[in-house]
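What follows is each chain in one-letter form.
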Amino acid sequence: MTSPTIEWSPALALGHAAIDRQHQKLFDLAADMVGDRDQVRAMRTLAALSEYVIVHFRDEEKLLAGIGYPNLAAHKRLHDTFRTRLAKLYGNAGGMTLDQIAEEVRLLINEWLTQHIMVSDREYAKYLQK
Ligand SMILES: [Fe+2]
């Protein structure tokens with residue numbers, strides 16, 4: 001199976017340097033699932049991704065709390081969805097094939113996270129600029 005690319009794009013930039021860097025790093029970590037890989041490396045990638053997602057969401061939520069973002073509770077719930085899904089994947093990965101893991105990571109990053117940045121993060125970015 002040819003793996004799709006997982007790549008951050010400038011179209012995802014929110015204009016907040018630290019957050020943009022963190023988003024980029026999530027894509028970079030996930031990109032490790034593309035191409036040559038083995039079970040050990042896949043598990044290591046999932047571990048790194050799980051750890052960094054926690055750091056990133058925590059920082060983002062702290063930033064939003066700091067500016068008094070009115071939709072923070074709803075935004076946190078979206079993060080919870082992702083945290084839960086990733087934790088479940090990490091827990092189940094031992095019984096999955098590499099292609100299945102890679103596909104799930106692709107869905108999480110290329111689809112869920114991309115969508116989240118484009119829609120929900122954009123919303124707070126507008127608020128940040130005010
Ligand atoms: Fe977010």
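Residues numbered from 1 in each chain as written. Predicted model: local features only at pLDDT ≥ 70, side-chain atom pairs only at ≥ 80, totals over all residues. Heavy atoms only, no water.

(A) Looking closely at the packing of aromatic side chains. Evaluated as defined, the whole model comprises four aromatic pairs. A centroid spacing of 5.7 Å and a plane angle of 80° characterise the contact between Phe57 and Phe82, whose relative ring orientation is edge-to-face. Pair noted here: Phe57 is in helix H2 (residues 39-66) and Phe82 is in helix H3 (residues 72-92), with a separation of 25 residues, a long-range link. Exposure class is identical for Phe57 and Phe82. Each is buried. When the centroid spacing of 6.2 Å and the interplanar angle of 75° are considered together, the rings of Tyr69 and Tyr124 count as edge-to-face. With a gap of 55 residues between them, Tyr69 in the loop between H2 and H3 and Tyr124 in helix H4 (residues 98-129) connect regions that are remote in the sequence. With respect to burial, Tyr69 and Tyr124 carry one shared label: buried. An aromatic cluster is present here, built from Phe57, Phe82 and Trp112 joined pairwise through their rings. The cationic tip of Lys25 hangs over the ring face of Tyr52; the distance from NZ or CZ to the ring centre is 4.4 Å. (Phe/Tyr/Trp six-rings, centres within 6.5 Å; stacked < 30°, edge-to-face > 60°. Helix = DSSP H or I, 4+ residues; strand = E, 2+ residues; numbered from the N terminus. Buried < 20%, exposed > 50% of the residue type's maximum accessible area, 1.4 Å probe, protein only. Lys NZ or Arg CZ within 6 Å of the ring centre and 35° of its normal.)

(B) The arrangement of the coordination of the iron ion in detail. Summarising the metal site, the iron ion is bound by the protein donors Glu60 (OE), His75 (NE2), His79 (NE2), His116 (NE2) and Asp121 (OD), whose distances to it range over 2.0 to 2.4 Å. Using a relative accessible area of 0% as the deciding quantity, one classes Asp121 as buried. (Donors = N, O, S within 2.8 Å, 3.2 Å for Na, K, Ca; no water.)

(C) Summary view of the nonpolar core. Formed by 34 residues in total, the largest nonpolar core has its most connected members in Phe27, Leu49, Phe82, Leu86, Val105, Ile109 and Leu113. When residues of this core are traced back to their parent elements, those giving at least two are helix H1 (17-31), H2, H3 and H4. Residue contributions to this core peak at 10 residues, all from H4. For Phe82, the residues in contact, after removing those within four places along its chain, are Val53, Phe57, Leu108, Ile109, Trp112 and Leu113. (Core = buried A, V, L, I, M, F, W, Y, C linked by side-chain atoms within 4.5 Å. Contact = heavy atoms within 4.5 Å.)

(D) The arrangement of the pattern of salt bridges in detail. Overall, the coordinates contain seven salt bridges when judged by the stated rule. Here the residues in one salt-bridge network are Glu61, Asp80 and Arg83, joined through shared partners. (Salt bridge = Lys/Arg side-chain N within 4 Å of Asp/Glu carboxyl O.)

(E) Looking closely at the packing of H2 against H4. Where H2 contacts H4, the two axes come as close as 13 Å, and the packing angle between them is 15°. In terms of orientation, H2 lies roughly parallel with respect to H4. Viewed along their axes, H2 and H4 form a crossing whose handedness is left-handed. Here H2 contributes Gln39, Ala42, Leu46, Leu49, Phe57, Glu60, Leu63 and Leu64 to the contact with H4, which in turn contributes Leu98, Ile101, Val105, Ile109, Trp112, His116, Asp121, Tyr124 and Leu128. (Axes fitted to C-alpha atoms, helices over the stretch in contact; angles between N-to-C directions. Parallel < 35°, antiparallel > 145°, perpendicular 65-115°, else oblique. Left-handed = near helix turned anticlockwise from the far one by under 90°.)

(F) Summary view of the side chain of His79. By the element assignment, His79 lies in helix H3. Residue His79 is classed as buried on the basis of its relative accessible area of 0%. Engagement of the side chain of His79 in a polar contact is seen with the side chain of Glu61, the distance being 2.8 Å. (Polar contact = N/O pair within 3.5 Å; in protein donor to acceptor, adjacent residues only side chain to side chain.)

(G) Structural context of the packing of H3 against H4. At a minimum axis distance of 11 Å, the contact between H3 and H4 shows a crossing angle of 170°. In terms of orientation, H3 and H4 fall into the roughly antiparallel class. Across the interface between the two elements, His75, Leu78, His79, Thr81, Phe82, Arg85, Leu86 and Leu89 of H3 pack against Glu104, Val105, Leu107, Leu108, Ile109, Trp112, Leu113, His116, Ser120, Asp121 and Tyr124 of H4. Broken down by class, the residue content of the contact of H3 with H4 amounts to 11 nonpolar, five polar and three charged. (Nonpolar A, V, L, I, M, F, W, Y, C, P; charged D, E, K, R; others polar.)

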